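Remarks on the overall topology
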Amino acid sequence: MAKRVYMVVASLMLIGLIPFVAKGAANEYLNSYAEKSVSDSITVAGQISNIAEGMPRTVVIIECDISDKSVRKICELDSNNSFCARIPLSYPHTFTINYNTRNFISAFAAPGDSIYLDIDASTTPLSVSFSGDHSEINQQYTPAMQYLNRLINSVSLPSDTVAIQEYMPVFKKYVMEGRDSIDSYAQKHNLSQEVKSMLYAEYLYTLANFACGYRGKNIEEQRAFFLDPIFDIFNDENTKVMIFAYHISAIMSQFADVRDSAPKGTVRDIMYACDEDAPVPGRSVFFNTNYYDRLYADNKPVDEISIDGIKPGSIIVYSGGEIKEISDKNPLEWLINEYKGHPIYLDISATWCGPCRAGLMKSEDLRKSFKDSNIRFAVIWLRSTADQWAKLAPTISNATHIFIDDVEMTDRIMGHLNIQGFPTYLMIDKNGNLIKNNVPRYQSLDLPDFLKSHN
């Protein structure tokens, strides 16, 4: 449905000060870019303490922008266990930092900001302390996300095919209950109104992500759900939380005409960014011309992708109704060797990603139609749990499923393949070459012809 989704729910606690070494690294980094514009980027730096033997030496910083220019930065820790990187950020919103866990550190930033973190790797969930820009917001918002996670995990929405008059009351009931719980938490922890409003939006659009496969009884009911007034989709305040953009992406994949009603602003800019079928608009159409320049004017080729540098490890494969554990394998090399001479349409997904699930489930007929061809279909599941994967994989036919639990392998796969979010689609041709540019997504009208051209 959507190009990609980053539904990230942070699991963090404790606030303090970042150590001198991380600040020094960040200041040195900033000085090296002193003559460059920071109007469309942020600097993120920090240090990780209490790293046990065998823990990863990488940190992942994820911009969480909906466009295909979004950046996922893989940072190698230095000898002081510190990291520092500059990433694009075109408008104020939350982004994520990940270390050795499926739970992400969520932080808020605006273009030009410098954010500092001190992460304690010995705690579960990770403990984090903030300083730098917007530290007060992040000191409130980040631990509140752990509380929000518990609310979200208690939600059980009806089937995607339930009629809208039955579905929406249940959905709105959860929204109201969530807001009441956030109010109680906010009063107890003395949260600012800005943080409380961000938590409202985070909760609402996370529920929307769970429901992004909603079909109702017909297309009119589907439209009614996504455009319900509860979502307030033209409110630019919603853009402060990254998950909002994926609701917009779900809308644009089905109802691109909604943009015609959108006022000029960040929301409409996002609508253009996530509508991959739209022609390039004029620059004056955009509210944020820096964002426009990044999306359209700077048409640099996508970084070269390669499986080199992805260290072998343990993978779990589900294929033909059987599950098998395989050790000491690079999953991409395993796929190429397993289906040597066959083109492979590769979907990189996460079990919690609504559009990932929707794309796979709604494309059963397409995979079935290619069952007797040379094309093979595969899914690599990252940032997922084994239990969720074991339940989901058998429901998706005519595909080989690879589950990867190794965090550092996941980081390196996403870094070397330039994976910015879920789902991401690649093609491995019959000679084992990887293709990423212009690979149609599931449910794209161009996908059948694309697959035939590689058959």
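Report on the accompanying structure. What you see is a predicted model, and the numbers here were worked out from it, not measured in a lab.

1. Structural notes on the nonpolar core
Within the largest apolar cluster, 67 residues are counted, with the highest numbers of intra-cluster contacts made by F171, L199, Y203, F225, F231 and I248. Contributing elements (two or more residues each) for this core: β2 (58–62), α2 (135–153), α3 (164–189), α4 (193–210), α5 (219–226), α6 (244–254), α7 (266–274) and α8 (289–297). Discounting residues that sit within four places of it in the chain, F171 has contacts with L157, L204, L207, A208, A211, F225 and F231. Core analysis: the next-biggest nonpolar cluster, separate from the first, contains 31 residues, I310, I413, I419 and L426 among them.

2. Describing the sheet that holds strand β6 (residues 105–109)
One open sheet accounts for 4 strands, arranged β3-β2-β5-β6; its pairing is antiparallel. Strands with a single pairing partner mark the edges of an open sheet, and in this sheet they are β3 (72–76) and β6. Within this sheet the neighbouring strands show an average axis-to-axis angle of 25°, counted without direction. With 5 bridges connecting them, strand β5 (residues 93–98) and β6 associate as antiparallel partners. In the strand pairing of β6, F95 is matched with A107.

3. Description of the state of the cysteines
Summed over all chains, the structure comprises 1 disulfide. C353 shares a disulfide with C356; S-S distance 2.3 Å. Note on the C353 and C356 pair: the S-S dihedral is about 85°, so by sign convention the disulfide is right-handed. Each member of the pair, C353 together with C356, is buried. Looking at C75, it has no disulfide partner, and the nearest cysteine sulfur is the one in C84, 8.0 Å off. The exposure class of C75 is buried, given its relative accessible area of 6%.

Cut-offs and rules
- Residues numbered from 1 in each chain as written.
- Predicted model: local features only at pLDDT ≥ 70, side-chain atom pairs only at ≥ 80, totals over all residues.
- Heavy atoms only, no water.
- Core = buried A, V, L, I, M, F, W, Y, C linked by side-chain atoms within 4.5 Å.
- Buried < 20%, exposed > 50% of the residue type's maximum accessible area, 1.4 Å probe, protein only.
- Helix = DSSP H or I, 4+ residues; strand = E, 2+ residues; numbered from the N terminus.
- Contact = heavy atoms within 4.5 Å.
- Pairing = 2+ DSSP bridges.
- Axes fitted to C-alpha atoms, helices over the stretch in contact; angles between N-to-C directions.
- Disulfide = S-S within 2.5 Å.

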